[in-house]
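Observations on the three-dimensional arrangement
What follows is the residue order along each chain.
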Amino acid sequence: MTRKEENDISRPLATFSKNIWRDRFPSFSSIDDSVFDSLTKEINPLKEKVKDMLVASTADPIENVKFIDTLLRLGVSYHFDCDIESHLERIFNSQPNLVAENDLDLNSTSIVFRVFRQYGFRISCSVFNNFMDNNGKFKKGLIDDVRGMLSLYEAAHLRVHGESILEEALAFTKANLKSLAVKSSSHLEKQITFSLDQPLNKCPPRLLARTCISFYEEEVSRKETLLKFAKLDFNRLQLLYKQEIRHIARFWKEYNFSTELSYARERFVEAYTWMNSLHFEPHYTLWRILLAKTLTLISILDDTFDAYGTPQELQSFINALKRWEIGALDELQDYTKVICKAVLDVFHEIDEEARKEGRSFCVPYAKDAFIGLLNNYLAEVKWRTNDHVPTFQEYMNVAMRTSTFDPIMTISFIGMGATAGIEAFKWLQSEPRIMTAANIIGRIMDDIASHEFEQLREHCPSSVECYMNQYNLSEKDAWEELEKKLEDAWKDINEECMRPATIPRYLLVRPLNIARVSYLFYKHGDGFTHPDPYVKDDILALFVDPIPI
């Protein structure tokens, strides 16, 4: 097909904003490795001192847990994961009544509860019974304890189904924190404002670190060694991330996507941000790049199926790609040939790296998940073409898959070494509850944020339209019902992260992280399609602006 013939076909084109990051991450510049090495040398002795602080804190179990909380918030807990797990397991097993035995205040109780829950320990929500009145409500006098209220609010986000006391805690704190912020010091007001917008359990790890380092710097009781360690570690990783983004920029430029596929969003920085939230640890650098390339291609494919391709073109593309061989390109004559070549190349990279690590057995799972995603994209195209409005459940059965998380999570597991053996991939294929929950969060939040923009052109209905249509509801009422489903999905994730778990906690954190970045990108609007104003400042803080030392 010629370019003119392509252009003559009626297509449901969208008008997307331009890439706002081109000048920030030029594709053919590089970072001086000596700067990274210099920071590493400066960090190493500080790391040992912080480890000594962690060991010293074990003299008091409560202080030990609080210090672990500080490490978590500052984004440096990954350096001490094994030690932290060991400390918490020892405390949990040897002192099951830790809170009751120490007569803790609301702030300390909430921190202990949240940290144990965050690491999957089944600490009971009954630890908050002491703060309830005879009517089953939280005591009014607690409102004067601003830090306690903020900590209780954060703890309540670790609730699971059936924990009415934590439902009450969330309602109680949300009803009061906004007014408490105005009456508090500017330091505490900033923390409350951030938490109301981005609760800790819904916050991607590096954004949490960036924000909490600035908060910690204002704490009177801060430990200067720990603060410096956190700052240097953040800046060191930021240098690594910048280099990785340049790899993705180069990938985009080498395939000339801006010209060849001008209808598609140029969102490789946003795609990288998602994958950085999934795996932020430095040793995942190679797999972060491969995952970001994959998600960049998925973004292009999303636009191709949503806003360009005809059903015939798209079916031909799927038929060619699922052969997974370079000869498949001969079957394609149009723009899909460019995409197919890029997908085959990236999967060849994935295959090569998996082979080097003795993990070739994983790759077919990723290919199956990828083709599954495309088949579900095509199902949505057919709905659009046939003007079909599915029931809400019919829609979700397909649209949960087009949240893109299944192939992304499968590829991420490939890069996680022996921790993710063949059982982990079989587990992923079994549609585990935590993945269903993450898919629900990704899909519904995306739909709520983007459905008005998408309905400006010919587009398949979203969960919002399907719910309104099936239950004869207003848009506002449909939103409220969908918000309840989102909260249920978060409870499912919390429950699935509890011990004993089917697979290692280290793997379970990944669906949680992808739900967290969904929340970041879609909480105020479609931050992937429209990064400015929704996530621009966050991306600047993560990858552009270093923390002043």
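Our subject is the structure listed above.
The shown structure was predicted, so the numbers you read here are calculated from the model rather than taken from an experiment.

Reading the values: rules and limits
Residues numbered from 1 in each chain as written. Predicted model: local features only at pLDDT ≥ 70, side-chain atom pairs only at ≥ 80, totals over all residues. Heavy atoms only, no water. Axes fitted to C-alpha atoms, helices over the stretch in contact; angles between N-to-C directions. Helix = DSSP H or I, 4+ residues; strand = E, 2+ residues; numbered from the N terminus. Parallel < 35°, antiparallel > 145°, perpendicular 65-115°, else oblique. Left-handed = near helix turned anticlockwise from the far one by under 90°. Contact = heavy atoms within 4.5 Å. Nonpolar A, V, L, I, M, F, W, Y, C, P; charged D, E, K, R; others polar. Buried < 20%, exposed > 50% of the residue type's maximum accessible area, 1.4 Å probe, protein only. Core = buried A, V, L, I, M, F, W, Y, C linked by side-chain atoms within 4.5 Å. Polar contact = N/O pair within 3.5 Å; in protein donor to acceptor, adjacent residues only side chain to side chain. Salt bridge = Lys/Arg side-chain N within 4 Å of Asp/Glu carboxyl O. Phe/Tyr/Trp six-rings, centres within 6.5 Å; stacked < 30°, edge-to-face > 60°. Lys NZ or Arg CZ within 6 Å of the ring centre and 35° of its normal.

Closest axis-to-axis distance for the helix H14 (residues 285-307)/helix H17 (residues 363-385) pair is 9 Å, and the angle between their directions is 20 degrees. When the axis of H14 is compared with that of H17, the two are roughly parallel. Of the two possible hands of crossing, H14 and H17 adopt the one that is right-handed. Facing H14, whose interface residues are Thr 294, Ile 298, Leu 301, Asp 302, Phe 305 and Asp 306, H17 presents Phe 370, Leu 373, Leu 374, Tyr 377, Leu 378, Val 381 and Arg 384. The residue makeup of the contact of H14 with H17, split by class, is nine nonpolar, one polar and three charged.

By the element assignment, Ala 424 lies in helix H20 (residues 422-429). Overall, the relative accessible area of 5% leaves Ala 424 in the buried class. With 185 residues separating them in the primary sequence, Ala 424 and Leu 239 have C-alpha atoms 32 Å apart. Among all residues touching Ala 424, those that are not within four sequence positions of it are Phe 413 and Leu 507.

With that out of the way, let us pick up the nonpolar core. Counting 196 residues, the largest nonpolar core has Phe 128 and Phe 413 as the members making the most contacts within it. With near-sequence residues (within four places) excluded, Phe 128 lies in contact with Leu 106, Thr 109, Ser 110, Phe 113, Phe 138, Leu 152, Ala 155, Ile 165 and Leu 166.

Here the focus is the side chain of Thr 336. Inspection of the secondary structure assignment puts Thr 336 in helix H16 (residues 336-356). There is a polar contact of 2.4 Å between the side chain of Thr 336 and the side chain of Asp 334. Each residue touching Thr 336, except ones within four places of it in the same chain, is listed here: Glu 313 and Phe 317.

Along the polypeptide, His 279 turns up in the loop between helix H13 (268-278) and H14. Within the structure, the side chain of His 279 is placed 3.2 Å from the side chain of Arg 510, a separation counted as a polar contact. Sequence-distant contacts of His 279, defined by excluding residues within four places in its chain, comprise Tyr 284, Arg 288, Leu 291, Ser 412, Met 416 and Arg 510.

Our focus in this paragraph is the pattern of salt bridges. The final tally for this structure, using the stated rule, is 41 salt bridges. In this structure, Asp 406 and Arg 401 form a salt bridge, with 2.9 Å as the shortest nitrogen-oxygen distance. By the burial criterion, Asp 406 is buried, and Arg 401 matches it. Here Asp 488 makes a salt bridge to Lys 491, at a shortest N to O gap of 3.9 Å.

This model, assessed by the stated rule, comprises 35 aromatic pairs. Taken together, a centroid distance of 5.1 Å and an interplanar angle of 70 degrees make the contact between Trp 252 and Phe 257 edge-to-face. The two residues Trp 252 and Phe 257 agree in class, both being buried. Note on Phe 521 and Phe 528: the rings are 6.4 Å apart at their centroids and 45 degrees apart in plane angle, and the pair reads as tilted. Of the two residues, Phe 521 and Phe 528, both sit in the buried class. The structure contains a cluster of three or more aromatic residues connected by ring pairs, namely Phe 251, Trp 252, Tyr 255, Phe 257 and Phe 268. Positioned above the aromatic ring of Phe 121 is the side chain of Arg 499, whose terminal nitrogen or guanidinium carbon lies 3.9 Å from the ring centre.

None of this, on its own, says anything about what the molecule does.
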